[in-house]
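Per-entry structural report
For reference, the chains in residue letters:
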Amino acid sequence: MGIFSVFSIQNAVQVILARRFKAVALATQPQPPPVPVYLHELHGIPRDDALVNSFGSTQWRHVLVAKVMHWAELAAKHHDSLLLCSDNDISLLPGWLESLVQSFEDAGRPDLYFQREGGDDAFFDPFPYNSGFFLMRGSEFTAAFWRHVARRTAQEQPGFGDQTIVNAELVALQPDGAPGCTAHPLHLRHAHFPPKLVVGGPVPPSDANALVRARVHHATSSGGARGKLTALENFLEAWLAAANISRAAVGLPRSFDETEDVSPPHKSEVAQATSSHVGAATPPVPIPISQGGEAASTRGRAYKTSSQARRSVSFSHRLMLSRKGADEH
């Protein structure tokens, strides 16, 4: 598995968010060698003070299209591999690796496996996918899908950016009355994580049991970059307190702010791969996975067949082997 995040440098806090994302993702993995984390840097974005929420702005749309094109390039370069694609306003919490992989297996290894927008709120059933955090099986199908999403996002400029297009393509009713993907000839299986695993929002759940079940926090609806950083830190502190785990035990520094070095010392030997443009070369992703031959598109879930269930038994074992082999790339 490779973990990928795209970030822009329009303010210092965006850089801190990216560095924080990598530090937390490395520190919260169960044992070395960790799954590698790759940060893809976007240049040429107008600067701001990190206080104003840029949602809906021209620069926000520019970043979204560039980010989606990067997902397309990753999918095209890494066929039969599992990619974790993420915004940088996210914390991967202790236990995330095993939980997310098991959830992916339980869902039948869909081609795209998104965060569930709005948690378990039924209001979001018609548009359940948050495209800021997802697992993806690399293939020409997923590459073509993201290129299609990028084109539509640039041309139509929808209110919620690429997320609007993702849901319209994968979930919206088609002319025949059935949900599916309109980017033919794509045949994508898609689903979402259980809301209890990937939690969004500016504040942690009040229920401590619900809090410690979370394995990912996405600082949605948290304002500008500074607001996101504050929300991420508050959630992480609350999670650690509820789980009775200290920052030191996880290998994290005391806190993340605009002046502190956020590289965990015991993980500093892991190289950061940073590219300066969308077309730059991306390091290899070491986990091959079977495409399985399915070509069904589903709404909100992917169905697991008996043959997929048999194949999934060896996936966790191959994950550990591939992590061992990552140092060879």
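Residues numbered from 1 in each chain as written. Predicted model: local features only at pLDDT ≥ 70, side-chain atom pairs only at ≥ 80, totals over all residues. Heavy atoms only, no water.

In this section: the overall build of the chain. A count of helices and strands for the chain gives 10 helices and 10 strands. The burial tally for the chain puts 53% of its 329 residues in the buried class. Pairs at least 24 residues apart make up 75% of the contacts formed inside the chain by residues separated by at least 6 positions. As presented, the chain carries roughly 13700 Å² of accessible surface, and 56% of it is formed by carbon and sulfur atoms. (Helix = DSSP H or I, 4+ residues; strand = E, 2+ residues; numbered from the N terminus. Buried < 20%, exposed > 50% of the residue type's maximum accessible area, 1.4 Å probe, protein only. Contact = heavy atoms within 4.5 Å. Areas by Shrake-Rupley, 256 points an atom, 1.4 Å probe, with all protein chains shown as cover.)

Quick look at the packing of aromatic side chains now. Evaluated as defined, the whole model comprises 13 aromatic pairs. Consider the rings of Phe114 and Tyr129, whose centres lie 4.8 Å apart with planes at 25°: the pair is stacked. Of the two residues, Phe114 is situated in strand β5 (residues 112-116) and Tyr129 in strand β6 (residues 129-137); the sequence distance between them amounts to 15 residues. Accessibility expressed as a relative area gives 0% for Phe114, which makes it buried. Take Tyr129: its relative accessible area is 0%, and that puts it in the buried class. Ring plane angle 90° and centroid distance 5.2 Å describe the contact between Phe123 and Phe124, whose orientation is recorded as edge-to-face. Residue classification places Phe123 among the exposed positions, given a relative accessible area of 57%. Phe124 sits in the buried class, given a relative accessible area of 18%. Linked through ring pairs, Trp71, Phe114, Tyr129, Phe134, Phe145 and Trp146 together constitute an aromatic cluster. (Phe/Tyr/Trp six-rings, centres within 6.5 Å; stacked < 30°, edge-to-face > 60°.)

Taken across its nine residues, helix α5 (residues 162-170) has seven buried, putting it largely inside the fold. Those residues of α5 that fall on the buried side of the exposure criterion are Asp162, Gln163, Ile165, Val166, Asn167, Glu169 and Leu170.

So, on to unusual backbone geometry. In this structure, Gln157 is a non-glycine residue whose phi angle is positive, near 45°. Position of Gln157 relative to the elements: it lies in the loop between α4 (140-156) and α5. Phi is positive for Ser221, close to 55°, though the residue is something other than glycine.

Before going further, it helps to spend a moment on the environment of Pro158. Position of Pro158 relative to the elements: it lies in the loop between α4 and α5. Pro158 sits 97 residues away from Arg61 along the chain, and the two C-alpha atoms are 9.3 Å apart. Non-local contacts of Pro158, meaning those with residues more than four positions away in its chain, are made with Arg61, Arg152, Thr153, Thr164 and Ile165.

What follows concerns the environment of Val203. Here Val203 lies in the loop between β8 (198-200) and α6 (208-213). Val203 sits in the exposed class, given a relative accessible area of 57%. Expressed as a C-alpha distance, the spacing of Val203 and Leu232, which sit 29 residues apart in the sequence, is 8.6 Å.

Attention now moves to the pairing of β6. Two faces make up the sheet, and in a regular strand the side chains alternate between them. Within β6, nine of the nine residues are buried, which leaves the element mostly enclosed by the surrounding structure. As judged from the five bridges shared by strand β3 (residues 82-86) and β6, these two strands associate in the antiparallel manner. Counted as the bridge partner of Ser86 is Phe133 from β6. Here β5 pairs with β6 via five bridges, running antiparallel. The residue of β6 that forms the bridge with Gln115 is Asn130. (Pairing = 2+ DSSP bridges.)

Moving on to the sheet that holds strand β4 (residues 90-92). Judged by pairing direction, the sheet is mixed, and its three strands sit side by side in the order β4-β9-β8 without closing on themselves. Edge positions in the open sheet fall to β4 and β8, since each of these has one partner strand only. Each adjacent strand pair in this sheet contributes to an overall mean axis angle of 15°, direction not counted. The sheet contact formed by β8 and strand β9 (residues 216-218) spans three bridges and is parallel. (Axes fitted to C-alpha atoms, helices over the stretch in contact; angles between N-to-C directions.)

A separate point is the confidence of the model for the chain. Taken residue by residue, the chain gives an average pLDDT of 76. The fraction at 70 or more is 68%. Throughout residues 179-185 the model reports pLDDT below 50, and contacts reaching past four residues in sequence, or to other chains, amount to 22 contacts. Across residues 259-329, where pLDDT falls below 50, the model places 165 contacts with residues more than four positions away in sequence or in other chains. (pLDDT = per-residue confidence, 0-100.)

A few words on the packing of α4 against α5. Running from N to C, α4 and α5 point in directions that differ by 125°, and their axes come no closer than 9 Å. Taken together, α4 and α5 sit at an angle that is classed as oblique. α5 is crossed by α4, and the crossing has right-handed handedness. Contact residues: Phe145, Trp146, His148, Val149, Arg152, Thr153 and Glu156 in α4; Asp162, Ile165, Val166, Ala168, Glu169 and Leu170 in α5. Taken together, the residues that form the contact of α4 with α5 break down as seven nonpolar, two polar and four charged. (Parallel < 35°, antiparallel > 145°, perpendicular 65-115°, else oblique. Left-handed = near helix turned anticlockwise from the far one by under 90°. Nonpolar A, V, L, I, M, F, W, Y, C, P; charged D, E, K, R; others polar.)

Now for the pattern of salt bridges. Taken as a whole, this structure holds 12 salt bridges when the rule is applied. A salt bridge links Glu233 to Arg247; the shortest N-O distance between them is 2.5 Å. Placement of the pair is Glu233 in helix α7 (residues 225-243) and Arg247 in helix α8 (residues 247-250), with a sequence separation of 14 residues. Owing to a relative accessible area of 10%, Glu233 belongs among the buried residues under this scheme. On the accessibility criterion, Arg247 (9% relative accessible area) is buried. (Salt bridge = Lys/Arg side-chain N within 4 Å of Asp/Glu carboxyl O.)

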